[in-house]
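# Commentary on secondary and tertiary structure
Here are the chains, one letter per residue:
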Amino acid sequence: TQTVSQSDAHVTVFEGDSVELRCNYSYGGSIYLSWYIQHHGRGLQFLLKYYSGNPVVQGVNGFEAEFSKSDSSFHLRKASVHWSDSAVYFCAPIASSSFSKLVFGQGTSLSVVP
Amino acid sequence: DTTVKQNPRYKLARVGKPVNLICSQTMNHDTMYWYQKKPNQAPKLLLFYYDKILNREADTFEKFQSSRPNNSFCSLYIGSAGLEYSAMYLCASSRRGGGAYEQYFGPGTRLTVL
């Protein structure tokens, strides 16, 4: 059974600050890792993914995430946030043995204060 | 066009009455999914179609039905709505070859059962 944990339910930062949204997972096999974003009133949008290779992956709008096998983590970062980054962010690992299923974390609500 | 459409956006239903939600996509994706999302919870996979094959999650097997008359459309059917069905229902699609970790989501249908 795979599990995913997003330890912070809410994060508030000022515009221009850096931010890190945390994601930890547990799974014994090969795993894909992804992040999705949901702006208020809209559907989830794919942000970025990792499967192998460079542990730091780049996504849209300046977001990046770093995979750590030793920490079982896939934290999302942005160097300088904009007010439009305010949204809920979901971490979603997929076990490679079950390609069709995303298992979402509970989400982290990011509020960017102008 | 990378949009997934859902109808209706808002649905009000009486306890015990049936509910039918519709999803469509024009990306020729072979897999379509339905998720249930309640406030402050992770999206929960209910079922998915890979081509014409329906896969339902074990814990929601008897509560939800679905049909996929063609590649573009997929419905979610609740035979007898209960108060616990009040939630946001998210439809998503993906292309099997691209891996299920990149799913395209619709804006959701907010179902309220009274």
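Computed from a prediction, not measured in an experiment: that's the story for all the values here. (Residues numbered from 1 in each chain as written. Chains lettered and ligands numbered in written order. Predicted model: local features only at pLDDT ≥ 70, side-chain atom pairs only at ≥ 80, totals over all residues. Heavy atoms only, no water.)

This brings us to the overall build of chain A. Along the backbone of chain A there are zero helices and eleven strands. Mapped in sequence order, the helices and strands of chain A form the string β-β-β-β-β-β-β-β-β-β-β. A compact globule built from 114 residues would reach a C-alpha radius of gyration of about 13 Å, and chain A, at 13 Å, matches this within 12%. For the C-alpha atoms alone, the extent of chain A along its principal axes is close to 45 × 30 × 20 Å. Buried positions account for 44% of the 114 residues belonging to chain A. Within chain A, contacts between residues separated by at least 24 positions form 56% of all contacts whose residues are at least 6 apart in sequence. By element, 49% of the accessible surface of chain A is carried by carbon and sulfur atoms, the whole surface being about 5500 Å². Here chain A carries 7 positive and 8 negative side-chain charges, and the mean point of each set is 11 Å from the other. (Helix = DSSP H or I, 4+ residues; strand = E, 2+ residues; numbered from the N terminus. Rg over C-alpha atoms; globule rule 2.2 N^0.38 Å. Buried < 20%, exposed > 50% of the residue type's maximum accessible area, 1.4 Å probe, protein only. Contact = heavy atoms within 4.5 Å. Areas by Shrake-Rupley, 256 points an atom, 1.4 Å probe, with all protein chains shown as cover. Lys, Arg positive; Asp, Glu negative; His and termini not counted. Charge placed at Lys NZ, Arg CZ, Asp CG, Glu CD.)

What follows concerns the side chain of A:Q38. Mapped onto the elements, A:Q38 comes out in strand 5 (residues 31-38). Judged by relative accessible area, A:Q38 falls into the buried class, the value being 12%. Among the polar contacts made by the side chain of A:Q38, one reaches the main-chain carbonyl oxygen of A:R42 at a distance of 3.0 Å. Dropping the residues within four chain positions of it, A:Q38 is found in contact with A:G43, A:L44, A:A87, A:V88, A:F90 and B:K37. (Polar contact = N/O pair within 3.5 Å; in protein donor to acceptor, adjacent residues only side chain to side chain.)

To continue, consider the nonpolar core. Most often, soluble globular proteins keep nonpolar side chains buried together rather than apart. All names here are of chain A. Ranked by internal contacts, the top residues of the largest apolar core, which has 26 residues, are W35, L47, L48, F74, L76 and Y89. Contributions of two or more residues to this core are made by strand 2 (10-14), strand 3 (19-21), strand 5, strand 6 (45-50), strand 8 (64-68), strand 9 (73-78), strand 10 (87-95) and strand 11 (108-113). With four residues, strand 5 is the largest single contributor of residues to this core. Excluding residues that lie within four positions of it along the chain, Y89 makes contacts with Q6, L21, W35, Y36, I37, L47, F63, L76, G107, T108 and L110. (Core = buried A, V, L, I, M, F, W, Y, C linked by side-chain atoms within 4.5 Å.)

Turning to the interface of chain A and chain B, a few remarks are in order. On the chain B side, the residues contacting the 19 residues of chain A number 20 residues. For the pair chain A and chain B, the summed buried area comes to about 1700 Å², and 63% of that belongs to carbon and sulfur atoms. The interface formed by chain A and chain B includes zero salt bridges. Between the two partners, chain A and chain B, sit two residue pairs in polar contact (both at pLDDT 80 or more). Put simply, the parts of the chain that give the side of chain A that touches chain B at least two residues each are strand 5, strand 6 and strand 10 of chain A. Of the residues forming the side of chain A that touches chain B, the biggest block, four residues, is contributed by strand 5 of chain A. (Buried area = accessible area lost by both parts, 1.4 Å probe. Salt bridge = Lys/Arg side-chain N within 4 Å of Asp/Glu carboxyl O.)

All names here are of chain B. A sheet is described by the order of its strands in space; here four strands give the open sequence 1-3-8-7, paired in antiparallel fashion. Whereas interior strands pair on both sides, the edge strands pair on one side only; in this sheet they are strand 1 (4-7) and strand 7 (65-70). Across this sheet, the average inter-strand angle for adjacent strands is 20 degrees, counted without regard to direction. Here strand 1 runs beside strand 3 (residues 19-25); their pairing, made up of four bridges, is antiparallel. (Pairing = 2+ DSSP bridges. Axes fitted to C-alpha atoms, helices over the stretch in contact; angles between N-to-C directions.)

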